[in-house]
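Structural description and commentary
Chain residues, written in single-letter form:
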Amino acid sequence: MAVDDLDMVIEDGSFITLLGPSGCGKTTTLRMIAGLETPTEGIITIDGKVVFSSEEQIDISPAKRDIGFLFQNYALWPHMTVYQNIAFGLENLKWDKEAVKTRVEELLKMLRITEFAGRYPAELSGGQQQRVAIARTLATKPKVLLMDEPLSNLDAKLRMEMRTELKRLHLETQSTFVYVTHDQLEAMTLSTRICLLNKGVLQQYDGPLGVYNYPTNRFVADFVGNPTINLIPFEVVSSQGKAIRVSNADMAFTFNAKTALNLKVADKVTIGVRPEFIAVDGQSTFKASVYSSLPSGMETIIRLRIGESFLNSVVFGSLDFPVGTGLGINLTGDKIMLFSNEGNILGSGSVSAIA
Amino acid sequence: MGLVFKNAVEKGIDVIMDMRYRLKGFLRKPHNVILLVVFIVLCYLTLVPMVTMVRDTFLVHTAEAKRLKLPANSYTLLHWKKVLVEASSLNVFYKPFLNSLATSLGACLIAIVFGGSFAWFITRTNMRWKGLLSSLCIFPYIMPSWTLALAWYNLFKNSLVGGAPGLISAIIGVETPNWLAYGPIPIALVTGLHYAPFAYIMIGGILRNMDANLEEAALMLNTSRFRIMYRITVPIVIPAVMSTFLLVFSSAMSSFAVPTFLGLPVRYQVLTTQLYRTLNGLNPGQGYAIALLMIILGVSILALNQKVVGLRKNYTTVTGKSSNIAMVNLKKMRTPTSIIIAAILLCVSILPLVSFAVESLILHPGDYSLGNFTTQFWFGTAAQNSMANSEPGMLRNPKLYSSLWNSLKLSIVCAVSAGTVGFLAGYAIVRGRGSKLADYVNNLAFFPYLMPSMAFSAIYLSMFAVQRGPIPPLYGTFALLVLAGTVKYLPFASRSGINAMFQLSKEIEEAGLILGVGWFKRMTRLVIPIQKSSFISGYLLPFTSCMRELSLFILLMTPNNQVLTTLLYYYNEKGWNQYSNGINLLIVLIVISINFIVNKVTGASIDKGIGG
């Protein structure tokens, strides 16, 4: 099953992202909203109007759903010029020539591709083709704009530029954007809400910071965030109200949950710590050695070794550490997460008494 | 009790409503509608003839009733016995079968060796005149297969057939040996050369699109060129070679004209010549049995092909990422190699045309002295041609012009109908990919290719000799020819349509769909213009095939309703060499010119249709 029991509401004017690894069902979901694929069962409504219902046997064709679709490979028509590509949809709606011209020029200006109006797609660069595709999709002023990994074919620098463009367009057009991507950074920076999918099942539907700081399970915690979260397996030594003592071969500490948890001794759990919450300071008695150090100018990613365990830490500032250096480390803040053996979130809190 | 009944009725209504809903959804997609229509029509036009033919192998036909001393239209196993188990079967079936196999395998070998090597030279070395030679290479396929046969005959015939010796005998003064002039060797050679362009297109296609990185990786590991060839290049090319082999084998098995010209002088029978003898004569039952066996063989070959190669899922022809692999530098051998290859190609393409021209201008056969040349067979009046039964010279001959007009009319109409249906079928098959219906239509559309042309036309003749539903009897009409031609060439047209659609991503159409563009507009404004050259190639291939088709029409012609190819056969039977050679030349020139014009104007060509 490509998508299983998906239930969500997309608010007007929001920018939501369908995020997940390859094969998780995000493109399928997008195409179902568009009407390019038919769901087996369920209801889809757009702007209050039912566009699909398996019960009442309604299935409105994509053309009548008032949506726009941006394809991953742009799907520009190679035998038409940029102007003709954008105008085609409007001509089909029987707009008169003057109206078409005005609208096309408006879009060319909005996307800053006016000088390419007479060119063919093959004569344009990837970024320019992308903008033509966006212009073509926006031409008919659809209420909902669906985008299937539109930036994945662009190089890194261009991708950054286009992200800001898209965010700006979202504000200008005031349409609802539904965006598919496997790039968690894109999802985090662009959306108002992220819908995370894995193997066809919805994992979490929340704003970016909610997904980042309060993931519902291990998968979400692992998928979002760069560098990835540290997930360390532990066994429960003792559990008294909010204080849970955990230990494994290399570390032991007390996890101070925000609410009381009833765990049993010898329960298997996972602690999730984001790299920015592993502080490196000389004072801590808890020692680790540097396995590798990756400075990128603004921040440095350090891989720390404790016994047989490895942790990733991020420190800001232009620091570098020779391999093998011994460092004292500390787990800071109160956004450290505790997951059950099955992967569900049990609670978040702080850590103390590390040994 | 009443409640149970009510529940059952409600459930029944639910099921029906659900089916109606599903049917509505199914029919909303244009490609499903096309698939359904094509499926029904093709079932009627391919499966019904098949079934009729199977039935006819057990039937006593009116023509045979007296001879067999059995009532007409009764059932019998006699035909099968005569073909498979009696003493006469050796000559009726087994010997011709072995002969067909031998010549077809030989033809495959020659086609692949010639076509494949040429492909390798063009794509992997720096030989000269690549552009010119690769266009010349297509010639043997555009020309009718028996063009080469006739040319060979002209060159190598000896006094065995009576009449005058051929050109070679005349030049070197010694009689050419029989094994060189007639029989399996020239048949295999000529058929093989005719299909060599097939091999060139298919193998060359793979070689050209092969990612150079594959060979370069081996080069980096210090592998010798030879090893690269046989451990990397050849295995990658094998699927194309297999496809070519199977395609050429099927075609060679059904060829009729070549074995007729080159085999009959020494009584070398193949399955197709046997077919003609039996179907045209007093043994139609045996003929159908032989035809059925040929079809079974063809289907097995197709199944083998599917298994080995499979329906290619990924058919992107241009990835645009591979760089040009360093060509083999022929250095000093560059010019000599190019000259040799050019010479071979010229022999195969241009020389036959020269020989036809020469033969059509000779008054007394065999006498190649200058004094013997005349233009009377071209321009002369009836009176001047008393030796040819007062047949007017070709360019003054009303028969020629009416046959020419018939050929053109027939080819154009067949091309339009086969091409259109083929394109629509190809579109529907690719869009409906994965569904069972698309699979069935795909196989059905290819089926006519496996039926020997002669058996095919015989069945159509008998099927449509009487009224069938709304269709009136079609005996002797132009419509029957069109029907037979359209169904026969549908396989090529649909292959071409499938190839064209495979290259087009479905998103191009979906982008239009979302903007509310209707199906017809999507096809005419988006799909067809983008794939213009492949689209037109789908029409060019049936046109070319039809212009040079003999075995399909030979049973369907009436004396007053000839096409150029049957007219040629008629003159050949009469022994009027000059006319048959002249017409041959005309056919070739017409077909080549039209191909050239279409190519220049639209960029379409045969190789885009075959799918290299």
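If you're wondering where the values come from, they're calculated on a predicted model, not measured in any experiment. Residue numbers run consecutively from 1 along every chain, following the written order of its sequence. Chains carry letters and ligands carry numbers; both start at the beginning, A for chains and 1 for ligands, and go up in the order they are written. Residues qualify for local features only when their pLDDT is at least 70, as the model is predicted, and side-chain atom pairs are given and counted only at 80 or more; totals for whole chains, interfaces and linings, by contrast, use all residues.

Points about the overall build of chain B
Let me state the cut-off plainly: Here a helix means four or more residues in a row that DSSP labels H or I, a strand means two or more in a row labelled E, and each is numbered from the N terminus. With the radius of gyration taken over C-alpha atoms, the globule rule is written as 2.2 Å times the number of residues to the power 0.38. To sort residues by burial, count the other C-beta atoms lying within 10 Å of each one's C-beta; a count of 20 or more means buried, 12 or fewer means exposed, and anything in between means partly exposed. C-beta atoms are built from the backbone. This entry defines residue contacts through backbone-placed C-beta atoms, with two residues in contact when those atoms are within 7 Å.
When helices and strands are tallied, chain B shows 28 helices and 0 strands. Its C-alpha atoms give chain B a radius of gyration of 27 Å, near enough to 25 Å, the size a compact globule of 612 residues would have. Here chain B, with 612 residues, has 45% of them falling under the buried criterion. Counting contacts in chain B only where the partners sit at least 6 residues apart, residues at least 24 apart contribute 74% of the total.

As for the overall build of chain A
From N to C terminus, chain A includes 8 helices and 20 strands. Principal-axis analysis of the C-alpha atoms gives chain A an extent of 75 × 50 × 30 Å. Split into buried and exposed, the 355 residues of chain A put 37% on the buried side. Intrachain contacts of chain A at a sequence separation of at least 6 include 63% that bridge at least 24 residues.

Quick notes on the domain arrangement of chain B
Residues and elements named next belong to chain B. Convention followed: An automatic or database domain assignment supplies the start and end points of every domain. Note on residue categories: nonpolar means Ala, Val, Leu, Ile, Met, Phe, Trp, Tyr, Cys or Pro, charged means Asp, Glu, Lys or Arg, and polar means any other residue, Gly included.
Parsing chain B into structural domains produces domain 1 (31–56 + 375–612) and domain 2 (102–371). If you average the C-alpha positions of domain 1 and of domain 2, the two centres end up 22 Å apart. Taken together, the contacts link 36 residues of domain 1 with 41 residues of domain 2. Those elements that provide at least two residues to the side of domain 1 that touches domain 2 are α2 (30–56), α18 (376–379), α21 (453–463), α22 (478–502), α27 (577–602) and α28 (606–610). Looking at the side of domain 1 that touches domain 2, its residues break down into 20 nonpolar, 13 polar and 3 charged.

Topic: helix α8 (residues 145–156) of chain B
Residue and element names in this part refer to chain B. Quick reminder of the rule: Here a helix's expected span is defined as the number of its residues, less one, multiplied by 1.5 Å.
In a regular helix each residue adds 1.5 Å, so 12 residues correspond to 16 Å; α8 covers 17 Å between its end C-alpha atoms and thus fits that length. Burial analysis of α8 places 11 of its 12 residues in the buried class, which makes it a mostly covered element. Listed in full, the buried residues belonging to α8 are S145, W146, T147, L148, A149, L150, A151, W152, Y153, N154 and F156.

A short note on the sheet that holds strand β4 (residues 58–59) of chain A
Residues and elements named next belong to chain A. What counts is decided by this rule: We treat two strands as partners when DSSP finds at least two bridges between them.
One open sheet holds the 3 strands; their spatial order is β2-β3-β4, and the pairing between them is antiparallel. Two strands in the sheet have a free side with no partner beyond their single neighbour: β2 (43–46) and β4. In the sheet, strand β3 (residues 49–53) pairs with β4 via 2 bridges, with the strands oriented antiparallel. Its bridge partner being in β4, S53 is matched across the sheet by I58.

Notes on the interface of chain B and chain A
In this assembly, 15 residues from chain B lie in contact with 20 residues from chain A. Sorting the residues of the side of chain B that touches chain A by element identifies α1 (2–28), α23 (506–514) and α24 (519–530) of chain B as the ones contributing at least two each. It is α23(B) that provides the largest number of residues to the side of chain B that touches chain A, a total of 6 residues.

Structural notes on the pairing of β2(A)
Residues and elements named next belong to chain A. Across 4 bridges, β2 lies against β3 in antiparallel orientation. Counted as the bridge partner of T45 is V50 from β3. If you look at the hairpin formed by β2 and β3, you'll find 2 residues sitting between the two strands, and D47 has a positive phi there, around 55 degrees.

Some remarks on the confidence of the model for chain B
Interpretation of this model should avoid reading the predicted coordinates in detail wherever pLDDT is low. Residue and element names in this part refer to chain B. We count it as follows: Per-residue confidence from the predictor is given as pLDDT, running between 0 and 100.
When pLDDT is averaged across chain B, the result is 81; 92% of the residues are at 70 or more. For chain B, the element scoring lowest by mean pLDDT is α28, at 57; α24 scores highest, at 91. In this model residues 311–322 is a low-confidence stretch, pLDDT under 50, and it forms 10 contacts with partners more than four residues away in sequence or in other chains. Predicted complex, confidence summary: ipTM 0.74, pTM 0.76.

Observations regarding the sheet that holds strand β8 (residues 193–198) of chain A
All names here are of chain A. Using the following cut-off: Orientation is described by lines fitted to C-alpha atoms, with helices fitted over the stretch in contact, and by angles between N-to-C directions that extend from 0 to 180 degrees.
Reading across from one edge, β5-β6-β7-β1-β8-β9 is the order of the 6 strands in this open sheet, with mixed pairing throughout. The two strands at the open ends of the sheet, each matched to only one other strand, are β5 (67–70) and β9 (201–206). Neighbour to neighbour, the strand axes of the sheet diverge by 15 degrees on average, direction disregarded. The strands that helix α4 (residues 126–138) touches are β5 and β6 (144–148); relative to β5, the one it contacts most, it runs at about 165 degrees.

Focus on helix α1 (residues 26–34) of chain A
By the criterion of burial, α1(A) is predominantly enclosed, with 9 of the 9 residues buried. If you check which residues of α1(A) are buried, you get K26(A), T27(A), T28(A), T29(A), L30(A), R31(A), M32(A), I33(A) and A34(A).

Remarks on unusual backbone geometry
Residues and elements named next belong to chain A. A cis amide bond links N226 to the next residue, P227, at an omega of 0 degrees. Its place among the elements puts P227 in the loop between α8 (218–223) and β10 (230–240). Phi is positive for A75, close to 50 degrees, though the residue is something other than glycine. Following the sequence through the fold, A75 ends up in the loop between β5 and α2 (82–92).

Digging into the packing of helix α19 (residues 398–431) of chain B against helix α25 (residues 532–547) of chain B
Residues and elements named next belong to chain B. Basically, it comes down to this: Handedness of a helix crossing follows the sense of rotation of the near helix relative to the far helix, less than a right angle counterclockwise being left-handed and clockwise being right-handed.
Two numbers describe how α19 lies on α25: the axes approach to 8 Å, and their chain directions differ by 140 degrees. At the point where α19 passes α25, the crossing takes the right-handed sense. Residues S407, L410, S411, I412, C414, A415, V416, A418, G419, G422 and F423 of α19 form the contact with α25, whose own contacting residues are F535, G538, Y539, P542, F543, C546 and M547. By residue class, the composition of the contact of α19 with α25 is 13 nonpolar, 5 polar and no charged.

Some thoughts on the packing of α2(A) against α4(A)
Residue and element names in this part refer to chain A. Selection criterion: Convention used here: angles under 35 degrees read as roughly parallel, angles over 145 as roughly antiparallel, angles from 65 to 115 as roughly perpendicular, and any remaining angle as oblique.
In contact at an axis separation of 8 Å, α2 and α4 are set at 25 degrees when each is read in the N-to-C sense. It follows from the interaxial angle that α2 and α4 lie roughly parallel. Judged by the sense of rotation from one axis to the other, the crossing of α2 with α4 is right-handed. Only V132, A135 and R136 of α4 make contact with α2, whose side of the interface consists of V82, N85, I86 and G89.

So, the environment of G68(A)
Residue and element names in this part refer to chain A. Here G68 is to be found in strand β5. Considering only alpha carbons, one finds G68 and L146, 78 residues apart in sequence, at a separation of 5.9 Å. Not counting residues within four places of it along the chain, the set of residues in contact with G68 comprises T137, L138, T140, P142, L145 and L146.

Examining the pairing of β5(A)
Residue and element names in this part refer to chain A. Burial along β5 is two-sided: the residues I67 and F69 and G68 and L70 are all buried. Two strands pair when backbone bridges link them, and β5 and β6 are joined in this way by 4 bridges, in the parallel orientation. Bridge pairing in β6 links F69 to L146.

A short note on the domain arrangement of chain A
Residues and elements named next belong to chain A. If you check the domain split of chain A, you get domain 1 (15–223) and domain 2 (230–352). Domain 1 and domain 2 are separated by 39 Å when their C-alpha centres are compared. Counting from both sides, the interface comprises 9 residues of domain 1 and, opposite them, 10 residues of domain 2. Among the elements that make up the side of domain 1 that touches domain 2, the one with the highest residue count is α8 (4 residues). Here the residues of the side of domain 1 that touches domain 2 sort into 4 nonpolar, 3 polar and 2 charged.

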